[in-house]
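Examination of the molecular architecture
Single-letter residue listing:
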Amino acid sequence: MTLERQAVRPPAQTRGAGRRSRREEILEIAVGLFAARGYHGVSMDDIGAAAGVTGPALYHHFAGKEAMLAAALIPVSEQLLAGGQAHIAEAGDDPRAALAALVDFHVEFALANPAVIALHLHELDRLPEEPRRQIRRLQRLYVEEWVATLTALRGGELTDGEARVLAHAAFGLMNSTPFLGGEVDRVRRAELLRAATLSALQGTEAEKG
C-alpha cells in the first residue's frame, strides 16, 4: 500500500470504534497526498478531486492546506504524549517494563501511520510558527518521558543528554516505516523494530568502546 492510501488515525491504543466523519475522511486523503507527493506538490483542487468534494464544500471543513497539516500533526503529537505517559504510569516503578511498553506503543503507532510519520519528517516546517511551536513542545515532552525512563533503567550510567541521544536514535529506527517495503509481513516488521530499538536502548559493551 502506498503512502497516498495510508489513513491518518490515532494510535491503535486510543483509536475509537466509531465511523469517521467526512472531515476525517478528507483529512486522511490530504495526508496521503502530502506524504506521497510533498506538501507543495498537492493543491486544494487535487485534494477536492481525490475526495470527490467541490471547492466550497472542501473549504467548509478546512481553511486551507496549512489547516489540514496542523489538523493531522497536532492531535497525533498530543496522543503520543498522552499514550506514552499512560504506559509509564501503568508500569509503576518498573522502568524496564515502562521502556518495553513505550517501544511497543511507538512501534504500533509507526506501523499504523507511516504517512503521518512522513509528514512529521518532511513537512513540519510548512506550518506557521504557532502550530509548529506547539508540535515541537509536545514532541519535546514526549522525548523527556523516554529520557526519564532510560535514566531510571540505567541508573547512573547515562546522563540526561546521553539518554536524549539514545531516545532520538530509537525514534529514527521506529519511524523508518514510511521507507519499509512490503516484502516482510507486518507482524515480523513489528518484531524486528521492537528488538532493534530495545537493543539500542538497553545498553551494550559497544557503548564503552
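Reference entry: report on the structure contained in this document. From a predicted model like this one, the values you see are computed outputs, not experimental measurements.

For the rest of this paragraph, the subject is the pattern of salt bridges. The full count for this structure, using the stated rule, is 11 salt bridges. Notably, a salt bridge pairs glutamate 130 with arginine 133, separated by 2.6 Å at the nearest N-O pair. Separated by three residues within a single helix, glutamate 130 and arginine 133 lie in helix H7 (residues 129-153), roughly one turn from each other. Residue classification places glutamate 130 among the partly exposed positions, given a relative accessible area of 48%. Note that arginine 154 and glutamate 157 form a salt bridge whose closest N and O atoms lie 2.6 Å from each other. Under the relative-accessibility criterion, arginine 154 is labelled buried at 6%. Accessibility expressed as a relative area gives 43% for glutamate 157, which makes it partly exposed.

Turning to the packing of aromatic side chains, a few remarks are in order. Taken as a whole, this structure holds four aromatic pairs when the rule is applied. Ring centres of tyrosine 142 and phenylalanine 171 lie 5.7 Å apart, and the angle between their planes is 15°; on these two criteria the pair is classed as stacked. Highlighted residues: tyrosine 142 in helix H7 and phenylalanine 171 in helix H8 (residues 160-174), separated in sequence by 29 residues. For the residue pair tyrosine 142 and phenylalanine 171, the accessibility class agrees, reading buried in each case. On the numbers, 5.2 Å between centres and 75° between planes, the contact of tryptophan 146 with phenylalanine 171 is edge-to-face. Of this pair, tryptophan 146 sits in helix H7 while phenylalanine 171 sits in helix H8; the two residues are 25 residues apart in sequence, bridging distant segments of the chain. We classify phenylalanine 171 as buried; its relative accessible area is 9%. Sitting over the ring of tyrosine 39, lysine 65 keeps its end group 4.2 Å from the ring centre.

It is worth spelling out the packing of helix H4 (residues 65-91) against helix H6 (residues 114-122) at this point. The description of two helices packed together rests on the angle between their axes and the distance between the axes. With their axes 11 Å apart at the nearest point, H4 and H6 run at an angle of 105° to one another. When the axes of H4 and H6 are compared, the pair comes out roughly perpendicular. Counting all contacts with H4, which are made through Leu69, Ala72, Leu73, Val76 and Ser77, the residues of H6 involved are Val116, Leu119 and His120.

What counts and how
Residues numbered from 1 in each chain as written. Predicted model: local features only at pLDDT ≥ 70, side-chain atom pairs only at ≥ 80, totals over all residues. Heavy atoms only, no water. Salt bridge = Lys/Arg side-chain N within 4 Å of Asp/Glu carboxyl O. Helix = DSSP H or I, 4+ residues; strand = E, 2+ residues; numbered from the N terminus. Buried < 20%, exposed > 50% of the residue type's maximum accessible area, 1.4 Å probe, protein only. Phe/Tyr/Trp six-rings, centres within 6.5 Å; stacked < 30°, edge-to-face > 60°. Lys NZ or Arg CZ within 6 Å of the ring centre and 35° of its normal. Axes fitted to C-alpha atoms, helices over the stretch in contact; angles between N-to-C directions. Parallel < 35°, antiparallel > 145°, perpendicular 65-115°, else oblique. Contact = heavy atoms within 4.5 Å.

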